Amino acid sequence: MVISIASDHAGLSLKEEIKNYLKNKSIEVIDYGTNSSESCDYPDFAYPAACAVKDNKADFGILVCYTG
């Protein structure tokens, strides 16, 4: 199983926790960012993560943002 994951700057901490949890369960994770707490545009990271699922590069995707 492969999971794509992405977040905005406010969701970075939770994204990292989820990523570590999945890796500890031997699940492959493709991280599309962000990797910084600096303000960023969420779609810049969410779109490639979603495309990975659409293009069958990942089985599922997880998107983490401040609002939702």
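All values reported here derive from a predicted model rather than from experimental measurement. (Residues numbered from 1 in each chain as written. Predicted model: local features only at pLDDT ≥ 70, side-chain atom pairs only at ≥ 80, totals over all residues. Heavy atoms only, no water.)

Trainee: Can you help me understand helix α1 (residues 12–24) in this one?
Mentor: For the α-helix, the turn length of 3.6 residues means that residues three or four positions removed from each other point alike. Between its first and last C-alpha, α1 extends 18 Å over 13 residues, near the 18 Å set by a 1.5 Å rise per residue. Within the sequence span of α1, burial applies to L12, K15, K19 and L22. The arc enclosing the buried residues of α1, seen along the axis, measures out at 90 degrees, which places them on a common side. Exposed residues lying more than 90 degrees from the buried face of α1 are S13, E17, Y21 and N24. The inward-facing, buried residues of α1 contact β1 (2–7), β2 (28–31) and β3 (60–64). (Helix = DSSP H or I, 4+ residues; strand = E, 2+ residues; numbered from the N terminus. Expected span 1.5 Å × (residues − 1). Buried < 20%, exposed > 50% of the residue type's maximum accessible area, 1.4 Å probe, protein only. Arc of directions from axis to C-beta. Contact = heavy atoms within 4.5 Å.)

Trainee: Got a minute to help me understand the side chain of D8 in this structure?
Mentor: Among the secondary structure elements, D8 is positioned in the loop between β1 and α1. It is K15 that comes nearest to the buried, bridge-free D8 among opposite-charge side chains, at 9.5 Å. At 3.3 Å, the side chain of D8 and the backbone nitrogen of A10 are in polar contact. When residues no more than four places from it in sequence are discounted, the contact partners of D8 are T34, C40, Y42, V64, C65 and Y66. (Lys, Arg positive; Asp, Glu negative; His and termini not counted. Salt bridge = Lys/Arg side-chain N within 4 Å of Asp/Glu carboxyl O. Polar contact = N/O pair within 3.5 Å; in protein donor to acceptor, adjacent residues only side chain to side chain.)

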